[in-house]
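# An overview of the molecular structure
As a plain string of letters, each chain reads:
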Amino acid sequence: MLIAHLSDFHLYTRTPESSLVRADIVDVVRRIIADVSEFRPAVDAVVLTGDLTDGGTHQDYALLREVLSPLAVPIFAIPGNHDEREAFRRAFDDILPFEDGAFLQYEVNLGGVRILALDTVQDRSVKGVLCGWRLDWIEQKLAQPCRGQTMILMHHPPHRSGIRFLDNIALVEGSERLGSIVARCPGQVLILCGHIHRPSQGFWNGVFVGIAGSPAFKIELDLHPHDDEPAVVDEPYAYFIHRIDELGGCSIHPRYVRIPGW
Ligand SMILES: [Fe+2]
């Protein structure tokens, strides 16, 4: 099974919230989606880990769905801090099994792979939060045995990347309890995130954490122990393809896409 992981498109129809978003982002994301849809062997699903729009209007989501329309496979998406829950829910209600309640969470079994969408957004904040209700939800889900892999989709990374400016606005509440929950979960668990605008991979509490980069803008790799905002850099763009085999193994491949100026 092949699952593509992409994040942080920041698509907008009028004025972007962030001045860093490249002006040709719609064309760039169309190019990336064309690459995903034309990749062979064909991917079986696409997961999108938030900040899919930059403003969260209904028009932004209509544009997003139109840009995603070349994909002929299931799409599993979660919101980021630049998304708006109600507009997001309406935009994806026809293809995503959102559970009742205020948060955009759901569970899907995709050919033996358990996908858990975990909403880390805190209204009107760039920082991520998991309240007690959401932590109870993921704890109950992970208490159910799963023979295959478990993918948890969440916008804000739970661990420290070492890029301090972004670590300060990652999952600032709930990460400790989440860590103990995932550490107790039998089987392979992968946490897939966005938010950092720079691809990276890590290991945290016994589980893999993969962060997809963003085509909207990319930050430099600055691991100095200071809180300064990293500069934006022009570096090649890649999304990830997860290859899960019949023996339960998983290999993760960056798939580079040529983008103007990068
Ligand atoms: Fe973002």
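Quick note: structure is the one above.
Residues numbered from 1 in each chain as written. Predicted model: local features only at pLDDT ≥ 70, side-chain atom pairs only at ≥ 80, totals over all residues.

## A look at the overall build of the protein chain
Scanning the protein chain from N- to C-terminus turns up six helices and 13 strands. Along the longest, intermediate and shortest principal axes, the C-alpha atoms of the protein chain span 45 × 45 × 35 Å. For the protein chain, the proportion of its 262 residues judged to be buried stands at 43%. Here the analysis covers contacts within the protein chain between residues at least 6 apart in sequence; of these, 70% occur between residues at least 24 apart. (Helix = DSSP H or I, 4+ residues; strand = E, 2+ residues; numbered from the N terminus. Buried ≥ 20, exposed ≤ 12 C-beta atoms within 10 Å, placed from the backbone. Contact = placed C-beta atoms within 7 Å.)

## Considerations on the packing of helix α2 (residues 58–68) against helix α3 (residues 85–92)
The contact between α2 and α3 brings their axes to 9 Å, and the two run at 35 degrees. At the point where α2 passes α3, the crossing takes the right-handed sense. Where α2 abuts α3, its residues His58, Tyr61, Leu64 and Arg65 lie against Ala87, Phe88 and Ala91. Each residue belonging to the contact of α2 with α3 can be placed in one class, and the counts come to five nonpolar, one polar and one charged. (Axes fitted to C-alpha atoms, helices over the stretch in contact; angles between N-to-C directions. Left-handed = near helix turned anticlockwise from the far one by under 90°. Nonpolar A, V, L, I, M, F, W, Y, C, P; charged D, E, K, R; others polar.)

## Quick word on the environment of Pro236
For Pro236, the location among the structural elements is in the loop between β11 (207–211) and β12 (237–244). Excluding anything up to four places from it in sequence, Pro236 contacts Tyr256 and Trp262.

## Focus on the nonpolar core
Among the nonpolar cores identified, the biggest contains 65 residues, and Val46, Val47, Ala117, Met151, Ile152, Leu153 and Ile191 are the most heavily contacted of them. Counting residues per element, this core draws most heavily on helix α1 (residues 25–38), which supplies six residues. Those residues within four positions of Leu153 in sequence are excluded, and the remaining contacts are Val47, Thr49, Phe76, Ile78, Ile115, Leu116, Ala117, Leu118 and Leu192. (Core = buried A, V, L, I, M, F, W, Y, C linked by C-beta atoms within 7 Å.)

## Regarding the packing of α1 against α2
It is the contact of α1 with α2, at a shortest axis distance of 9 Å, that shows an interaxial angle of 35 degrees. Contacts between α1 and α2 pair Val26, Val29, Arg30 and Ile33 from the former with Leu63, Val67 and Leu68 from the latter. Considering only residue class, the contact of α1 with α2 consists of six nonpolar, no polar and one charged.

## Side note on the sheet that holds strand β3 (residues 75–78)
Read from one edge of the open sheet, five strands run β3-β2-β1-β12-β13, paired in mixed fashion. Both outer strands of the open sheet, β3 and β13 (250–257), are each paired with one neighbouring strand and no more. Between one strand and the next, the sheet's axes are offset by a mean angle of 20 degrees, whatever the strand orientation. Judged from the four bridges that link them, strand β2 (residues 45–49) and β3 form a sheet pairing that is parallel. Residue Val47 lies in a different strand from β3, and its bridge partner there is Phe76. The sheet strands contacting α1 are β1 (2–6), β2, β12 and β13, and the helix crosses β13 at an angle near 135 degrees. (Pairing = 2+ DSSP bridges.)

It is worth stressing that arrangement in space is one thing and function is another; only the former is reported here.
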